[in-house]
Amino acid sequence: MGTSAITSVFNDGYVAEQLEAYRRDPSSVDESWRQFFRLAEQIGGGSTGTSDVATMRAVAGAASLVASIRQYGHLAVQIDPLGSAPPGAAELTPEYHGISEADLSRVPGSALGFDGFATAADVVRSLREAYSGSIGYELEHLASDDEREWLRSAIETREFTRPLDAEEKKRLLTRLTEVDGFERFLGFAFQGKKRFSIEGTDALVPILDTAIDAAARRGAKKVIIGMAHRGRLNVLTHVLGKPYTALFTEFEGRRPGSQPESETGDVKYHMGYRGTRAVDGVQIEVSLVPNPSHLEVVNPVVGGVARAASRALPAEQRAATVLPVLVHGDSAFAGEGVVAESLNMSRLHGYTVGGTLHVITNNQVGFTTDPVDARSTHYASDLAKGFEIPVLHVNGDDVEACVAAVAMCIAYRERFAKDILIDLVGYRRHGHNETDEPSFTQPELYKLVKAHPTPRQVWGQRLVREGVVSEEDIERIDKEFAAKLGKILDDMRAGGAKPEGDPGKAAAAPDVKADTAVPLARLAALNEALLAWPADVQPHRNVAKTLARRREALGGAPAIDWGHAEALAFASLLADGTSVRITGQDAERGTFSHRQSVLHDMETGKTFIPLQHLPEAKGRFEVYNSPLAETAVMGFEYGFSTAARDTLVLWEAQYGDFVNVAQPIMDQFVFADRAKWGQDSGLVLLLPHGYEGGGPEHSSARLERFLQACAEGNMIVAYPSTPAQYFHILRRQAALAQRRPLVLMQPKSLLRMPEAAAKADDLATGAFRPVIDDPQASQQREQVRRLVFCTAKMYYDLSAARKDNTVALIRVDELYPWPHEEIGRVVDLYPAVEDVVWAQEEPKNMGAWTYVAPRLRALVGNIQEMRYVGRPERASPAEGFESAHKAEQARIVAEALSAPAPSKRRAVASRPA
Ligand SMILES: Cc1ncc(C[n+]2csc(CCOP(=O)(O)OP(=O)(O)O)c2C)c(N)n1
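Right, let's walk through the structure included here. (Residues numbered from 1 in each chain as written. Predicted model: local features only at pLDDT ≥ 70, side-chain atom pairs only at ≥ 80, totals over all residues. Heavy atoms only, no water.)

A few words on the overall build of the chain. Helix and strand counts for the chain come out as 32 helices and 22 strands. Expressed along its principal axes, the backbone C-alpha trace of the chain runs to roughly 110 × 85 × 55 Å. Looking at the chain as a whole, 58% of its 913 residues are labelled buried. By sequence separation, contacts in the chain at least 24 residues apart represent 78% of the contacts at least 6 residues apart. Accessible surface, the chain as shown: approximately 36,200 Å² in total, 51% of it carbon and sulfur. Positive and negative side-chain charges of the chain, numbering 102 and 120 respectively, have mean locations separated by a distance of 5 Å. (Helix = DSSP H or I, 4+ residues; strand = E, 2+ residues; numbered from the N terminus. Buried < 20%, exposed > 50% of the residue type's maximum accessible area, 1.4 Å probe, protein only. Contact = heavy atoms within 4.5 Å. Areas by Shrake-Rupley, 256 points an atom, 1.4 Å probe, with all protein chains shown as cover. Lys, Arg positive; Asp, Glu negative; His and termini not counted. Charge placed at Lys NZ, Arg CZ, Asp CG, Glu CD.)

Whenever strands of a sheet pair, they do so through backbone hydrogen bonds, lying parallel or antiparallel. Taken together, 8 strands build an open sheet; the order of strands is β1-β7-β8-β6-β5-β2-β4-β3 and the sheet is mixed. Two strands lie at the open edges of the sheet, namely β1 (135–138) and β3 (273–279), each paired on one side alone. Strand after strand, the sheet turns through a mean of 20° between neighbouring axes, direction not considered. In the sheet, β3 pairs with strand β4 (residues 282–288) via 7 bridges, with the strands oriented antiparallel. Each bridged residue has a counterpart across the sheet, and for G275 the counterpart in β4 is V286. (Pairing = 2+ DSSP bridges. Axes fitted to C-alpha atoms, helices over the stretch in contact; angles between N-to-C directions.)

Taking strand neighbours across the sheet as the criterion, the 5 strands line up as β17-β19-β18-β21-β22 in an open arrangement whose pairing is mixed. Bordering the open sheet on either side are β17 (771–772) and β22 (867–871), each of which pairs with just one other strand. Bridging between strand β18 (residues 786–790) and strand β21 (residues 835–843) involves 4 bridges; their strand directions are parallel. Counterpart to R786 in the pairing with β21 is D835.

Right, let's get into the site of the ligand. Every one of the 15 residues lining the ligand counts as a neighbour, but R230, S293, D330, A332 and N363 are closest to it. The side chain of R230 places a nitrogen or oxygen atom 2.9 Å from an oxygen atom of the ligand. At 2.7 Å, a side-chain N or O of D330 approaches an oxygen atom of the ligand. Of the residues contributing to the shell around the ligand, the split by class is 4 nonpolar, 8 polar and 3 charged. (Near = heavy atom within 4 Å. Polar contact = N/O pair within 3.5 Å; in protein donor to acceptor, adjacent residues only side chain to side chain. Nonpolar A, V, L, I, M, F, W, Y, C, P; charged D, E, K, R; others polar.)

For the rest of this paragraph, the subject is the packing of aromatic side chains. How two aromatic rings sit relative to each other is given by the distance of their centres and the angle of their planes. Taken as a whole and judged by the stated rule, the model has 25 aromatic pairs. Look at F190 and F248: their rings are 5.9 Å apart centre to centre, the planes differ by 40°, and that puts the pair in the tilted class. Linking F190 in the loop between α7 (166–189) and α8 (204–217) with F248 in helix α10 (residues 244–251), this pair joins segments that are 58 residues apart in sequence. Like F248, F190 is buried. Here the aromatic rings of Y351 and F636 are separated by 5.0 Å at their centres, their planes lie at 80°, and the arrangement is edge-to-face. With Y351 in the loop between α14 (337–345) and β6 (357–362) and F636 in helix α23 (residues 631–643), this pair connects stretches of sequence that are 285 residues apart. Y351 gets classed as buried once you look at its relative accessible area, which sits at 3%. (Phe/Tyr/Trp six-rings, centres within 6.5 Å; stacked < 30°, edge-to-face > 60°.)

Along α10, 8 of the 8 residues are buried, which leaves the element largely enclosed by surrounding structure. If you check which residues of α10 are buried, you get Y244, T245, A246, L247, F248, T249, E250 and F251. Buried residues along α10 sit in contact with α7, α9 (232–239) and α19 (471–493). G253 lies just past α10 and shows a positive phi near 85°.

This next bit is on the environment of D103. Within the element layout of this structure, D103 appears in helix α4 (residues 101–106). Judged by its relative accessible area of 18%, D103 is buried. Along the chain, D103 and V59 lie 44 residues apart, while their C-alpha atoms are 8.6 Å from each other.

Between side chains of opposite charge, a pair can form as their charged atoms come close. The final tally for this structure, using the stated rule, is 67 salt bridges. Across the pair D680 and R645 runs a salt bridge whose closest N-O atoms are separated by 3.1 Å. Remark: R645 occurs in the loop between α23 and β13 (647–652) and D680 occurs in the loop between α25 (673–677) and β14 (684–688); sequence separation between them is 35 residues. Relative accessible area serves as the criterion here: at 18%, D680 is assigned to the buried category. A salt bridge links R702 to E704, with the shortest nitrogen-to-oxygen separation between them at 4.0 Å. For R702, a relative accessible area of 18% corresponds to the buried category. Judged by relative accessible area, E704 falls into the buried class, the value being 11%. One salt-bridge network, in which partners are shared between bridges, spans K169, D398, E400, R462 and E466. (Salt bridge = Lys/Arg side-chain N within 4 Å of Asp/Glu carboxyl O.)

Our next topic: the layout of surface pockets. Approximately 780 Å³ is the volume attributed to the second largest pocket. Taken together, 21 residues make up the lining of the second largest pocket; nearest its centre are E168, T210, D213, R217 and V403. Listing elements by their share of the lining of the second largest pocket, those giving two or more residues are α7, α8 and α16 (399–416). Looking at the lining of the second largest pocket, the element that brings in the most residues is α8, giving 6 residues. Grouping the constituent residues of the lining of the second largest pocket by class yields 9 nonpolar, 1 polar and 11 charged. (1 Å grid on protein atoms, 1.4 Å probe; cavity = no way out; pocket = protein on both sides within 12 Å on 5 of 7 lines; lining within 4 Å. Points joined across faces, edges and corners; volume = space filled by probe spheres on them.)

Among the 5 residues of strand β7 (residues 391–395), 5 are classified as buried, and the element is accordingly described as predominantly covered. Neither face of β7 is open: one carries V391, H393 and N395, the other L392 and V394, and all of them are buried. Here β1 runs beside β7; their pairing, made up of 4 bridges, is antiparallel. Along β7, the bridge assignment pairs I135 with V394. Judged from the 5 bridges that link them, β7 and strand β8 (residues 420–425) form a sheet pairing that is parallel. If you follow N395 over to β8, its bridge partner there is V425.

Here K194 is to be found in the loop between α7 and α8. Residue class for K194 comes out partly exposed when judged on its relative accessible area of 37%. As a C-alpha pair, K194 and K268 span 74 residues in sequence and 9.6 Å in three-dimensional space. Beyond its immediate chain neighbours, meaning those up to four positions away, K194 contacts F251, K268, Y269, N433 and E434.

Direction vectors running N to C along helix α30 (residues 820–828) and helix α31 (residues 849–860) enclose 45°, while the axes themselves pass 10 Å from each other. As judged from the angle between their axes, α30 and α31 are oblique. For the crossing formed where α30 meets α31, the hand is right-handed. Each of H820, I823, G824 and V827 in α30 lies in contact with α31, whose residues at this interface are L856, L859 and V860. For the contact of α30 with α31, the residue count by class is 5 nonpolar, 2 polar and no charged. (Parallel < 35°, antiparallel > 145°, perpendicular 65-115°, else oblique. Left-handed = near helix turned anticlockwise from the far one by under 90°.)

We now examine the nonpolar core. The biggest cluster of nonpolar side chains holds 122 residues, and the ones touching the most others in it are F248 and L357. A per-element tally of this core places α16 first, with 13 residues. Each residue touching F248, except ones within four places of it in the same chain, is listed here: F182, F185, L186, F190, L485, I488, L489 and M492. Membership of the second largest hydrophobic core comes to 96 residues, among which are V353, L687, V788 and A896. (Core = buried A, V, L, I, M, F, W, Y, C linked by side-chain atoms within 4.5 Å.)

As structure tokens, then:
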């Protein structure tokens, strides 16, 4: 709109030179200069004489000022309700652009492309009001012209910043009274109890109200919210409709009526909730995802839930159907790395959700930490700019601006299906929680806070000044609300009002024994379908060769490898009507080239995904290479799995060693979700594990940590030793009625090992076996003197080295739930055993040993005390040197297979009663 390429420093000498050139030959100067001189000619009545350099200077300066206001106007907005002055910017003054305010009056508005304005002075006045008024806009970092133009037009035409009418203003007063009155009531009724009050950023509730209503009017069916502790109780009751009685019950320290005894539960400001709202007679579901204390880790989980909610829709319809909203703290947003990881996923096609609305409840402090110690940037929101997210800064005391800002956000999101962020600047009325004394550390800030009226009072006073309400009205609304809460609490305490439960919690269904075998004919048909790809996709010849081998592999010989078994498991699930979603770093090909789920034509790069083209498929297959992140990607898949019951969701680590980057997703969600929140998930974690000389970070998925976290049937931890076992356990996982996460140690060298390969028959019959007896020992069990228990890879190492029939190798393929009975049955088959060994490749303080030892001892104590064979206790999981690795492996194998050294023999233990 009329800005030239001329920069803010207007150099007369240079302009004169350009003008000379233009007069001689207009084509000799740049197009922007030509436009500029033509403009000057219009203003100067057709001439471009030397005296007009002054006019040109005024036009250029005005144009430059216009650009600066759009870019830096936000630096002059009074966004701090406590009154700290905005920094301003030199670029916002005409002087910076070499002109004066008076010069602006000489330039017609049309010269700047603003036809409706008489002069540049009018243009500048209007733009200052728009960009440096009540909302600060940052949009110049957006790479798309289209987006910048749309936002400028929305801002400059005031499309969303129209004044509210009297009714709307009164409604806002009532809302702010509820928000503020609720906190005051809780503070009074439950003194000394933490509530992480919203006070100071009260406008969050009207912001969420507006977002939900605007989304619903645009056809959204679901709003999914993630937020931390701050203001959560207010959001639960007022935005989601959790009954006051339910919350009061929790304040009394009682378990809500809806919560099963089996759950250990969580504090009230972490609980999720699902409610519905009617907007113009249409219902919209609003849910708050439960989250742990760990700030910001819920962000990707919300993304996954939102994606699952729109999983069947084409990408372009997602924004209209589901609105994800994330509420952040100012310190946490700037500080926690998962924020960047999640923002980076926002436009990746495996993870898009049609854009997330972000709100930073910026109370200008994090616990006791000031912003100068919390971030290296000017605004709390600055990280978002790196992801091309528009940012709107609002003053929390100006509720009218807050609701206007969010209306614009929802419209932007609908138009561009991208994230957008509101930096809601307020303060924190009390300490971090209500028992903290904030003046210990922020004395000056808290002098200001104490003297500052509440957002309700600020808004009320404004409405009194405007004649919309009277002082008495304000008082009355407040008293009525306090009386209502008082009555609810009294009734509840008197036993009148029953605590209402969270809706929608069904009793856990009993487990099913799934039939995971797939008839041979069916397998053969699926196999053929997986090997059919169009003529215009010619994959690399090695890939084609590998796949061609899969055609023969269904004959009688054991030739089905890991990747093949997985493809058949997926295909059979899709045919049964279960969808499959698998993501992870390089998951499409597979880190070890074993999956090859996406074929690439060698000439054109055109891709083809056989699992998406099965004629029989009733489920959807999704596979995506994830961005290089663990926390956010696993969090996303976890969220997806909680919400998509019809989908087997798998997350694959590049190497299992990297899984600990996602530790809070596992500790806080995957392991504990049912105990804390009654939430379930069937997420599968695929973790390549095994000691093959890859060094300390390419050997161990830290099996011990999963086993340590097992209790109350919270998950399944398995280490399948054959492709057939993998096939069956994947199919079993999809069929579980009681969904629980499945942690699978995955092989590397076993992926294509002939000794491990499966026969088609192994998939067509049987089921997953938690324990596998030694196939070679079955003939001569009486001769066996030594039982060696182990897991998958160790089994093959031992099996290759075993020379006599006095040793039997027993594989434990499922570690949790511990297969007590199955192991007992195997032990009973060997009457002459004298020596029992647990062999592992991991160090003694790692791997399964500390978990297995007491459990196995309980089963074999009648034989002899068990022996441990494996690496000694170590600080680092594996050797860095190949030779050291080889020596260790050889020692472990040899020790496990041979009799214990006499000095190490222990007394025979007595059989437990
Ligand atoms: C991952 C993590 N680290 C530390 C904490 C402890 N903690 C709880 S609240 C808080 C301050 C949060 O500040 P801010 O993000 O500004 O939110 P506010 O409480 O001010 O609303 C901290 C450090 C936490 N909950 N999670």
